[in-house]
Amino acid sequence: MREDFYVPSGCAVAGILNQDGQKISGENIIRSIATMHERSNGLGGGFAAYRIYPEFTELYAFHILYDKKGRESEVEDILEKKFSIERAETIPVRENKAINDYPLFKRYFLRFKGEKYQEEDEVVQVVMDINSRVDDVYVISSGKNMGIFKGIGYPEDIGHFFRLEEYEGYCWIAHGRFPTNSVGWWGGAHPFGLLSWSVVHNGEISSYGINRRYLQNFGYFCNLQTDTEVIAYLIDLLARKHHLPIPYLKAALASPFWSDIEDMDEPERSFYKAMRITYGGALLNGPFSIIVGFEGGMFGMVDRIKLRPMVAGWRGETFYLASEECAIREISPELDRLVPFQGGEIIWGKLGEKVNYGQELAFSRV
Amino acid sequence: MAKSLLFPEFKVVRDENRCIACQVCVRQCANDVHVYDEEDDQVYSREENCVGCQRCVNLCPTNALEVTKKEVGMRPNANWSINHLRNLYKQAETGGVLLTGMGCSEDYPIYWDHLLLNASQVTNPSIDPLREPIEIKTFLGKKEEFLDIDWEENSPVLKTKLAPQLELNIPVLFSAMSYGSISYNAFRSLAEAAREIGTFCNSGEGGLHPDFYSLGGNIIVQVASGRFGVHPGYLRAAAAVEIKIGQGAKPGIGGHLPGEKVSLDVSRTRKIPVGSDAISPAPHHDIYSIEDLERLVFAIKEATNYEKPVSVKIAAVHNVAAIASGVVRAGADIVAIDGIRGGTGAAPQVIRDNVGIPIELALAQVDERLRREGIRQQASLVIAGGIRSSADVIKAIALGADAVYIGTAALVALGCHLCQKCYTGKCNWGIATQDPYLTKRLNPNIGKRRLVALLHAWSAEIKEMLGGMGVNALESLRGNREHLRAVGLSRDEREILGVKAAGEGW
Amino acid sequence: MNDIETRYLLVGFSVAGWWCARTIRERDRKGKIVAITKENGIYSPPLFTYYLGNRVSDIRYRPEWIENLDLDLIYGGEAKTLEKENNRLILSSGESFVFEKALIATGGLPVAPPLPGKELEGVFTFTTPRDMQKVSEFMKHHRVERVTILGGGFIGLKTAEAFIELGVKVTLVELANRLLQNMLDEKSSYYLESALNRAGVEVIKEDTIVEFQGQGGKLTDAILKSGEHLPSDLAVIAIGVRPNIDWLRGSGIEINRGIIVDEFQQSQRPDIFAAGDIAETKNLITGERNVVAIWPEAVKQGKVAGENMTGSRVSYPGSLPVNTVSVGEVALISAGLVNPPLGDFELLTEVTNDSYRKLVLKDGYLVGMILVNKIEKAGIYINLIRQKVKVDDFKDRLLKEDFGMISLPAEYRKHLVEGASIEV
Amino acid sequence: MKKIHIHEEYCIGCRLCEINCLVKHSRSGKIVKAFRGEEPRPLPRVRVEEEGYLSFALQCRHCDEALCLENCPTGAMYRDEETQAVLCDENKCVGCWMCIMSCPLGVIKREEKTKKVASKCDLCRGETPVCVKNCPNEALTYE
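Draft legend 1. Fine view of the overall build of chain D. From N to C terminus, chain D includes five helices and eight strands. Computed over C-alpha atoms, the radius of gyration of chain D comes to 15 Å, within 12% of the 15 Å expected from 2.2 N^0.38 for 143 residues, which places it in the range of a compact globule. Along the longest, intermediate and shortest principal axes, the C-alpha atoms of chain D span 40 × 35 × 30 Å. Across the 143 residues in chain D, those meeting the buried criterion constitute 67%. For chain D, long-range pairs separated by at least 24 residues make up 54% of all intrachain contacts whose partners lie at least 6 apart in sequence. Here chain D displays about 5,500 Å² of accessible surface, and carbon together with sulfur accounts for 50% of that area. Computed over 22 positive and 22 negative side-chain charges, the separation of the two mean positions in chain D equals 7 Å.

As structure tokens, this is what we get:
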């Protein structure tokens, strides 16, 4: 049943990034996403937090969801092929009346012991193995010094359930879900993660079928049957493996129209033309606005003709993204700047860089 | 001489109250069906000659004519159909292989008609092509896995040299139809329409008439087993080169252009003597294996300085997926697959109607196989064989095709009435003939206009359907079988097509 | 009286003058044109017989166009003297004109031999509107049942045509042994003659009228050389016309049968041109100089003269005699050399019981033609003659039923069909 | 001035131009009637010429320098002001056949009985000529 699971969502998204690296309590992001309560329906909420495990910065923090108990050993055998498990623990939760029936969440702090030169590919491989080979078990986050917390319920309830007010990170992204075609399930909630990527997504990817088959060419297999998953993998493929700088992800994921490309000057024209010819299968179609977190920053992107809402705001060194302005004003009533997204636009912020207010698209490496 | 047992296939009904004996029908029928009797000032019919091409019906100024199927008053027999009987009589008289034209007309399942498209509701807005751009531009050719880009500038600079691409404004090309099998005017109509629309036509194995070199930028030239009219200039004149291995209408069979169709011009174009039959061998006698194919592919790439995509056209046969994979690995930039309903100017009827598999199944299998092998990027997939409408086109794209070839559909736009007599060279519509009296009947200005109109209509419909699915770029539908659902198909067929049953959600 | 000055002076204003004026106006919108005619209007001579035969009621030529031509028209003016030294013309009325360029197109005069009794009432010539008026006046006041026409030439036949229409008994007297000997061969003359007979015309050949007799000054009989008496209520002397050139003696203009002009219709006095029935031109085929007094040549010559008077240089290819006559239901058209002298001429003929066609070829070119009844393609043949198109390659098709444009050389055909105009 | 252009390479020799011209200039204007009812059968003013596989429809070219008009002694032949067509005024025509004699294309026909010019293309008096309108292959165009 779960294999045929696909959840196009309405949803709310929000994100906070302090570009100076100041820690922010989870309480803020919970308040922010909670203001958009109406955009979710209690069938899913989740969060991704960065640099929340300062004592394990060198280790991979795997958050693993056990929908059925008693699969630990099977999973740990797979883990130990590539890692030494430095620490394994159940993720502390606090039951509340909204959330009382829930699966087991464990987190493992892992030291990689495989081939260094292809470390990340091997980590990805482990994630793919567990997700595809072990029934009812899912790696929900697999990056260093970050973690994803998600489940069935309104995001604020999920947040408190995972006691996020007790965590501090310089970057948070959150998701409140409104699944339309099916009951939510814990694994299907957002964010989706791979390595340190985390993605929350409001929308429906009508190109899902081809994006998924396109990814097969590169060894990505989608088991969670959701469009958010393909977004995460596409970003990993383009940004990590093909070294595409964040600002230029749009050249593939939300590429300009041919007519706009024709109007460009060289060398842009041949760049965008070649990108579109080459990455046709990676083009994300249909309505979406997404927020992507990663080690070192955060960006938001909307589809080519902006069929879903998203705004970006700045206050001092803090960069905000949300489906609705209110979610930002809730935690930062005063803003230096607030801009709505244009179709196909990417707005990003990076740790250690001064805020760009979404203005220039000057190249810089991730 | 023994009386023939053949019965007329068609009935010519002439309304005497309307007939004015103007003899337009007499003058227009190349089969001498209509005869004018001066004495009675009346026109009579020889029905046995009628092929049902409807030319006379179309031109009769008083609508006095009707050509209908002639009922044969024999006891109905489920096993011994009229067609079987007719063929038996014919063969008992001629002792020969029965020839025919056009594509398979047997009643095999047409999977396009069992595939339904998706549309957006609520959760995902459909897009209005009148207000938002919907893009159907298509590039054919090998695609890179990733690009080498110089990021050091303040704007990225592309370093990878892309493999040669064909740029199409609509994912529809005109199938290989040689000058010889079709008339000069028919070919001109296709070539000029291709140029105006921004797509391509295909020379077939007939060489390229000097007049068409100027249109070479929109022509794919074929290298077939007969090698007719193949020379370096021919290859260089074209936008791409296609090696023809097989044809859906006659897999495993060579080509045969009857001498009657080899006029002076045709002979010049094909570089063969006037009036001599043009016979293409069944196989290329320099291709007995996949590695031989690779040789030819690269020989052509060398000859064209690696500036033109090389396509390889094969017929859809049982093992097509594996064969296609081999073709891709042999270096083809484009794989063209022609299904059992693919057309022809002349083929043995028994082959046309009994050999090969439907293109839908072949396409689904080839696309899936290439993806599983991770080589789908390395070649574009163009399919042919019985594409009848924009719906067929978009379904083919969703199944995984990059573009489709249309042959019969284009000829119908030019006036073809599917009489299946192409091989006689007596096409009353001036399409499949070289008889100067008949070829005049196709005015290429009209032909071009009609083809342009047809493809214009199709691209509008394709955009409507895409918009309905909430997709504003064709590449997002290509191979996206989530947008297809099957009705009335067995589980096996659905699995082969890789399409869920109608009613199943995501 | 002081001179009237004009840029263009047209002396005589029938068809040649008319088309000359029109051509001048196309080239020169402003230049003053004075046109002088001795008539009191502008007439179309071929209509006289049709008027007589009640086929038309108006004999004026394209009156609707006259004002567009913007002319100073002088009616009833008779040219008397053209000064030898100056470009000055004087009328018998004494009016005088000084011109830059002049066209002389005073046409022809009927040839009227000094026959006894020709002054009798009822004896006419038939070339001018006045003749026509007189005849029809006469017809109004007298019963005319028997008409005798002297001359089986073109005018004679046209006149006969008219009287036939009126249902009058016509006798035609021709000195030669056949009718229209210049424009027909024997066979076609025969067709014509039998058509006339069928129409009730009596044709007397190899004879002529030597005297007219009458009572009380009115015609009663025409007496033939053979002695035969032809009772006649009316007689027409129609043995031809000659160029009206007498008044030009002493003008220094070179005259032979008519005014001698070069291919530009220019007399040897450079400012003076001539066209129509008075001009002596080269024959298109034979190259002989003669006066071809027919409408189509008058138009062409008038136009060529007009062109050249306005300073362009357009030449006249040469005259081609063409004629058409119809009697009853028989229609004849002839052109060019129809009775070739012995020598290397090739004749193509087709004879049926109601039609006759004859083409004359020389060195592969068409030089003459006679059509009886099947006349639709006359224009094609005549144009082949005019344009000197070699017909050798398709001469076997010339007389075929389906002969037409399609039988002609492609370039020539397409030039005719698509070409903006057919050059004259 | 708009002219009828002849594209012989596309003429298919069907003669629909003749048929439609005949009907257009018939008394009834109805095709079956024109062919079966009207005596004498009206004449088409366009003629299809054929030789081998070559064929084309030919009708009056309405020449700029129209010899038929120049040589018409009665003024029956005239040029229509707005269509620029060369037309024949039947009331003025006396049947002298000067026009037939002058037409280098031989496209003027005569009516023996009434001694009038019987058929001469009138460009359908301004509307798109029916020979053009009904040519199935655009071998005749009007531009």
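Still more to cover.
Draft legend 2. Highlighting the packing of helix 4 (residues 184-197) of chain B against helix 14 (residues 444-468) of chain B. Residues and elements named next belong to chain B. Contact geometry of helix 4 with helix 14 gives a least axis separation of 8 Å together with a crossing angle of 45 degrees. Judged by the inter-axis angle, helix 4 sits oblique to helix 14. For the element pair helix 4 and helix 14, the recorded crossing hand is right-handed. Between helix 4 and helix 14, the residues in contact are Asn 185, Arg 188, Ser 189, Leu 190, Glu 192, Ala 193, Glu 196 and Ile 197 and Pro 444, Gly 447, Lys 448, Leu 451, Val 452 and Leu 455, respectively. A breakdown of the residues in the contact of helix 4 with helix 14 according to their chemical character gives seven nonpolar, three polar and four charged.

Draft legend 3. Up close: the packing of aromatic side chains. With the rule as written, the count across this model stands at 35 aromatic pairs over all chains. Sitting above the plane of the B:Trp429 ring, B:Arg55 keeps its charged end 4.8 Å from the centroid. The residue whose ring lies beneath C:Arg313 is C:Phe264, and the NZ or CZ to ring-centre distance is 3.9 Å.

Draft legend 4. Highlighting the pattern of salt bridges. Residues and elements named next belong to chain C. Applying the stated criterion across every chain yields a total of 103 salt bridges over all chains. Ionic pairing is found between Arg 25 and Asp 70, a salt bridge with its closest N-O pair at 3.5 Å. Within this pair, whereas Arg 25 is found in helix 1 (residues 15-27), its partner Asp 70 is found in the loop between helix 3 (66-69) and strand 3 (72-74), the two being separated by 45 residues in sequence.

Draft legend 5. Here's a closer look at the arrangement of the chains. The smallest C-alpha distance separating chain A from chain C is 45 Å, and no contact links them. Note that chain A does not reach chain D: the shortest distance linking a C-alpha of one to a C-alpha of the other is 37 Å.

Draft legend 6. Here's a closer look at the pairing of strand 3 (residues 42-45) of chain B. Residue and element names in this part refer to chain B. Where strand 2 (residues 34-37) lies against strand 3, four bridges are found, and the strand directions are antiparallel. Note on strand 3: the bridge partner recorded for Val 35 is Tyr 44. Connecting the antiparallel pair strand 2 and strand 3 is a turn made up of four residues, with Asp 41 showing a positive phi of about 45 degrees.

Draft legend 7. View of the sheet that holds strand 24 (residues 356-362) of chain C. Residues and elements named next belong to chain C. Taken in spatial order, the five strands line up as 21-22-25-24-23 in an open sheet, and their pairing is antiparallel. The sheet is open, and its two edges are formed by strand 21 (322-327) and strand 23 (345-351), each paired on a single side. The sheet shows a mean angle of 15 degrees between the axes of neighbouring strands, taken without regard to direction.

Draft legend 8. Region of the structure containing the interface of chain B and chain A. Across the contact, 48 residues belong to chain B and 44 residues belong to chain A. Between chain B and chain A, the buried area comes to about 4,100 Å², and carbon and sulfur atoms account for 57% of it. The tally of links between chain B and chain A comes to six salt bridges. A salt bridge links A:Lys273 to B:Glu167, with the shortest nitrogen-to-oxygen separation between them at 3.8 Å. Counting across the chain B and chain A interface gives 16 residue pairs in polar contact (both at pLDDT 80 or more). Elements that contribute at least two residues to the side of chain B that touches chain A include exactly strand 9 (157-158) and helix 10 (359-372) of chain B. Take the side of chain B that touches chain A: its biggest share by element is three residues, from helix 10 of chain B.

Draft legend 9. Summary view of the nonpolar core. Core analysis: the biggest nonpolar cluster contains 148 residues, and C:Leu10, C:Phe163, C:Leu196, C:Met369, C:Leu384 and D:Met77 have the highest contact counts within it. The dominant element in this core, judged by the number of residues it contributes, is helix 1 of chain C, at seven residues. Filtering out sequence-adjacent residues up to four positions away, C:Leu384 remains in contact with C:Leu366, C:Val389, C:Val391, C:Phe394, C:Leu398, C:Phe403, C:Leu408 and C:Tyr412. Grouped together as the second largest cluster of nonpolar side chains are 109 residues, B:Ala194, B:Ala278, B:Ala324 and B:Val335 included.

Draft legend 10. Representation of helix 9 (residues 410-418) of chain C in the model. For helix 9 of chain C, every residue scored as buried is listed here: C:Tyr412, C:Arg413, C:Leu416 and C:Val417. Looking down the long axis of helix 9 of chain C, one finds its buried residues gathered within 125 degrees of arc, a one-sided arrangement. On its buried face, helix 9 of chain C sits against helix 8 (378-387) of chain C together with strand 1 (4-6) and strand 3 (54-59) of chain D.

Draft legend 11. View of the interface of chain D and chain C. In this complex, chain D contributes 45 residues to the contact, which on the side of chain C involves 47 residues. Of the roughly 3,900 Å² buried between chain D and chain C, counting both surfaces, carbon and sulfur atoms make up 56%. On inspection of chain D and its partner chain C, the count reaches five salt bridges. At the boundary of chain D and chain C, one finds 16 residue pairs in polar contact (both at pLDDT 80 or more). Elements that contribute at least two residues to the side of chain D that touches chain C include exactly strand 1, strand 2 (46-51), strand 3, helix 3 (67-70), strand 4 (77-79), helix 4 (98-102) and strand 6 (109-111) of chain D. Partitioned by chemical class, the residues of the side of chain D that touches chain C number 22 nonpolar, nine polar and 14 charged.

Here is what the cut-offs are and how they apply
- Per chain, residues are indexed from 1 in the order of the written sequence.
- Whichever chain is written first is A, and whichever ligand is written first is 1; the rest continue in order.
- Two thresholds apply to this predicted model, a pLDDT of at least 70 for residue-level local features and 80 or more for giving and counting side-chain atom pairs, whereas whole-chain, interface and lining totals are computed over all residues.
- Calculation of side-chain values draws on the structure's entire complement of heavy atoms; hydrogens and water are dropped beforehand.
- Only DSSP runs of H or I covering at least 4 residues are called helices, and only runs of E covering at least 2 are called strands; the numbering of each starts at the N terminus.
- Only C-alpha atoms enter the radius of gyration; for comparison, a globular chain is expected to reach 2.2 Å times N to the power 0.38, where N is the number of residues.
- Relative accessible area decides the class of each residue, using a 1.4 Å probe on protein chains only: under 20% of the type maximum gives buried, over 50% gives exposed, and in between gives partly exposed.
- In what follows, a contact means two residues having at least one pair of non-hydrogen atoms within 4.5 Å.
- Per-residue accessibility takes into account occlusion by the displayed protein chains alone, with areas from the Shrake-Rupley method and a 1.4 Å probe.
- For the purpose of counting charges, residues Lys and Arg are taken to be positive, whereas Asp and Glu are taken to be negative. His and the chain ends are not included.
- Lys charges are placed at NZ, Arg charges at CZ, Asp charges at CG and Glu charges at CD.
- To get an axis, a line is fitted to the C-alpha atoms, and for a helix only the part in contact is used. The angle between two axes follows their N-to-C directions and goes from 0 to 180 degrees.
- Throughout this description, any angle smaller than 35 degrees is read as roughly parallel, any larger than 145 degrees as roughly antiparallel, any in the 65 to 115 degree range as roughly perpendicular, and the remainder as oblique.
- By definition, turning the near helix anticlockwise from the far helix through less than a right angle yields a left-handed crossing, and turning it clockwise yields a right-handed one.
- Residues are grouped as follows: Ala, Val, Leu, Ile, Met, Phe, Trp, Tyr, Cys and Pro are nonpolar; Asp, Glu, Lys and Arg are charged; every other residue, Gly included, is polar.
- A pair of aromatic rings is counted whenever rings of Phe, Tyr or Trp (Trp by its six-membered ring) have centres within 6.5 Å, and the orientation is called stacked for planes under 30 degrees apart, edge-to-face for over 60 and tilted otherwise.
- A ring is considered to have a charge above it if a Lys NZ or an Arg CZ atom is located within 6 Å of its centre and within 35 degrees of its normal.
- What counts as a salt bridge is simple: a side-chain nitrogen of Lys or Arg found within 4 Å of a carboxyl oxygen of Asp or Glu.
- In this description, strands pair whenever DSSP reports at least two bridges between them.
- Here the quantity called buried area is the accessible surface, traced with a 1.4 Å probe, that two parts lose on coming together, added over both.
- Contacts described as polar in this section are N or O atom pairs within 3.5 Å, which, within protein, must combine one atom able to donate a hydrogen with one able to accept it, while residues neighboring in sequence count only if both atoms come from side chains.
- Only buried Ala, Val, Leu, Ile, Met, Phe, Trp, Tyr and Cys residues count toward a nonpolar core, and they belong to the same one when joined by side-chain atoms within 4.5 Å.
- Of all possible arcs, the one meant is that of the directions from the helix axis to the C-beta atoms.

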